[in-house]
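Below are the chains, spelled out letter by letter.
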Amino acid sequence: MKRIPPMVIMGVATLYFLVPIWWLLVGASKTRSQFVSTEPLWFADFALVDNVRELFAYRDGVFLRWLGNSIVYTGGAALLGTLLAAMCGYALAKYRFPGREAIFNVVLSGVLVPATALALPLFLIFSQFEATNTFWSVFLPSLVNPFGVYLARIYATASVPDELLEAARLDGSGEIRTFFQVSSKLMFPALVTIFLFHFVAVWNNFLLPLIMLGEERLFPVTLGLYSWNTQVNQVPELRMLVITGALVSIVPLVVAFLLLQRFWRNGLGAGAVK
């Protein structure tokens, strides 16, 4: 009987998160006329393939360009951001230097600052360098990951023994080599977790591109779909493109989680044991 309330809560939470995705899949599989005239949570004629084909062909494949932009923004920022966060967290965990705790407290403060509060200052900074409406105006701010630094420090403290680092130094290994060949392997589950969190955050980032970018060819998929959605009243056929595009846009996130879930689960388990 004690298990029933937690199971009910988890079941409700699961439905809360999965029903919108189910509605999106069902809606993207319908024709324009069926979308408003049939049951919203069940299939009619399965037209998903035709809708996806129309989405990719619309305006010479502009959606594919947006999707590619998102992959470049997100993949590059997640990889480099994870590396920077791991190196920063590792340094804060394993080196003793003046001001270490002050720096860590500043990092913790960065975790608490919402991204919306930083968007306008970032725009003003990039405006001073005439770098708005460029690839770098979205990519460079996306590299910063205070939560990743925090998580890397906690995991490095728990999983990288000081004795192992001392042994590597006695064997003649430099600090950089020790990090990449010894410490990073021990921290790998945490790095995967940081990468996934960073990947999702950058992929779903909307406000920063909205403020920074004005040229359509540079839009990520989130901003591109938003621009289409604002035109639905004037161009009704865009409604199905927006719904189908939203479904396609979550596929990279699902793929990333499926490919990396084994390492992620191992990282969570190791963290619980430690």
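Residues numbered from 1 in each chain as written. Predicted model: local features only at pLDDT ≥ 70, side-chain atom pairs only at ≥ 80, totals over all residues. Heavy atoms only, no water.

J.: It is not clear to me how the environment of Phe 147 should be interpreted in this structure. Could you clarify?
T.: Structurally, Phe 147 is set in helix α8 (residues 146-159). Sequence separation of Phe 147 and Leu 112 is 35 residues, and the distance between their C-alpha atoms is 9.2 Å. Once residues lying within four places of it in the same chain are set aside, the contact partners of Phe 147 are Val 111 and Phe 197. (Helix = DSSP H or I, 4+ residues; strand = E, 2+ residues; numbered from the N terminus. Contact = heavy atoms within 4.5 Å.)

J.: Even after reading the chapter, I still don't get the confidence of the model for the protein chain, so can you show me in this structure?
T.: Low pLDDT marks regions whose predicted coordinates should not be analysed in detail. Across the protein chain, the average pLDDT comes to 88, with 96% of residues at 70 or higher. Here residues 268-274 is modelled with pLDDT under 50, and outside its nearest four sequence neighbours on either side it reaches 3 contacts, counting other chains as well. (pLDDT = per-residue confidence, 0-100.)

J.: I'm lost on the packing of aromatic side chains in this one. Help?
T.: Inspection of every chain in the model, using the stated rule, returns 24 aromatic pairs. Each ring, one from Tyr 58 and one from Trp 228, has its centre 5.3 Å from the other, and the planes form 90°; the classification is edge-to-face. Remark: Trp 228 occurs in helix α13 (residues 221-229) and Tyr 58 occurs in the loop between α3 (48-57) and α4 (62-94); sequence separation between them is 170 residues. The class of Trp 228 is buried, set by a relative accessible area of 0%. Taken together, a centroid distance of 5.3 Å and an interplanar angle of 15° make the contact between Tyr 73 and Phe 135 stacked. Of this pair, Tyr 73 sits in helix α4 while Phe 135 sits in helix α7 (residues 135-142), and the two are 62 residues apart along the sequence. In this structure Tyr 73 comes out as buried when scored by relative accessible area, which is 4%. Under the relative-accessibility criterion, Phe 135 is labelled partly exposed at 25%. By the ring-pair criterion, three or more aromatic residues cluster together here, those being Phe 56, Tyr 58, Phe 63, Trp 66, Phe 219 and Trp 228. (Phe/Tyr/Trp six-rings, centres within 6.5 Å; stacked < 30°, edge-to-face > 60°. Buried < 20%, exposed > 50% of the residue type's maximum accessible area, 1.4 Å probe, protein only.)

J.: How should the packing of α4 against α8 be read in this particular structure?
T.: For any two helices packed against each other, the geometry is given by the interaxial angle and the distance between the axes. At a minimum axis distance of 7 Å, the contact between α4 and α8 shows a crossing angle of 45°. Here α8 runs oblique to α4, going by the angle between their axes. Crossing handedness for the pair α4 and α8: right-handed. Residues Ala 85, Ala 86, Cys 88, Gly 89, Tyr 90, Leu 92, Ala 93 and Lys 94 of α4 lie in contact with α8, whose contacting residues are Gly 148, Val 149, Ala 152, Arg 153, Ala 156 and Thr 157. (Axes fitted to C-alpha atoms, helices over the stretch in contact; angles between N-to-C directions. Parallel < 35°, antiparallel > 145°, perpendicular 65-115°, else oblique. Left-handed = near helix turned anticlockwise from the far one by under 90°.)

J.: Whenever I open this one, unusual backbone geometry confuses me. Can you help?
T.: In most cases, non-glycine residues show a negative phi, while peptide bonds are predominantly trans. Not every positive phi belongs to a glycine, and Arg 59 is a case in point at roughly 50°. You can call Arg 59 partly exposed: its relative accessible area is 43%. Of note, Asn 133 is a non-glycine position whose phi angle comes to about 60°, a positive value. With respect to the helices and strands, the residue Asn 133 is situated in the loop between α6 (115-128) and α7.

J.: When you look at the nonpolar core in this model, what are you seeing that I'm missing?
T.: Across soluble globular proteins, nonpolar side chains have a tendency to be buried as a group. One finds Phe 63, Trp 66, Phe 199, Leu 213, Val 221 and Trp 228 to be the most contacted residues of the largest nonpolar core, which totals 32 residues. Counting residues per element, the ones that place at least two in this core are α4, α11 (188-203), α12 (207-212), α13, α14 (238-249) and α15 (251-273). Here this core gets 6 residues from one element, more than from any other, and that element is α4. (Core = buried A, V, L, I, M, F, W, Y, C linked by side-chain atoms within 4.5 Å.)

J.: Teacher, can you tell me more about α14 here?
T.: Along an α-helix, a turn takes 3.6 residues, which lines up residues three or four apart on a common side. The end-to-end C-alpha distance of α14 is 16 Å, a good match for the 16 Å that 12 residues give at a rise of 1.5 Å each. Along α14, 10 of the 12 residues are buried, which leaves the element largely enclosed by surrounding structure. Regarding α14, the residues found buried are Leu 238, Met 240, Leu 241, Val 242, Ile 243, Thr 244, Gly 245, Leu 247, Val 248 and Ser 249. (Expected span 1.5 Å × (residues − 1).)

J.: Sorry if this is basic, but what is going on with the pattern of salt bridges here?
T.: Opposite charge on two side chains lets them pair, provided their charged atoms get close. The full count for this structure, using the stated rule, is 9 salt bridges. Between Arg 153 and Glu 101 there is a salt bridge, with the nearest N and O atoms lying 3.0 Å from each other. With Arg 153 in helix α8 and Glu 101 in helix α5 (residues 100-112), this residue pair connects regions lying 52 residues apart in the sequence. Exposure remark for Arg 153: the relative accessible area of 11% places this residue in the buried category. Residue Glu 101 is classed as partly exposed on the basis of its relative accessible area of 38%. Measuring nitrogen to oxygen at the nearest pair gives 2.8 Å for the salt bridge that ties Glu 175 to Arg 169. A single salt-bridge network, built from bridges that share partners, covers Arg 100, Glu 101 and Arg 153. (Salt bridge = Lys/Arg side-chain N within 4 Å of Asp/Glu carboxyl O.)

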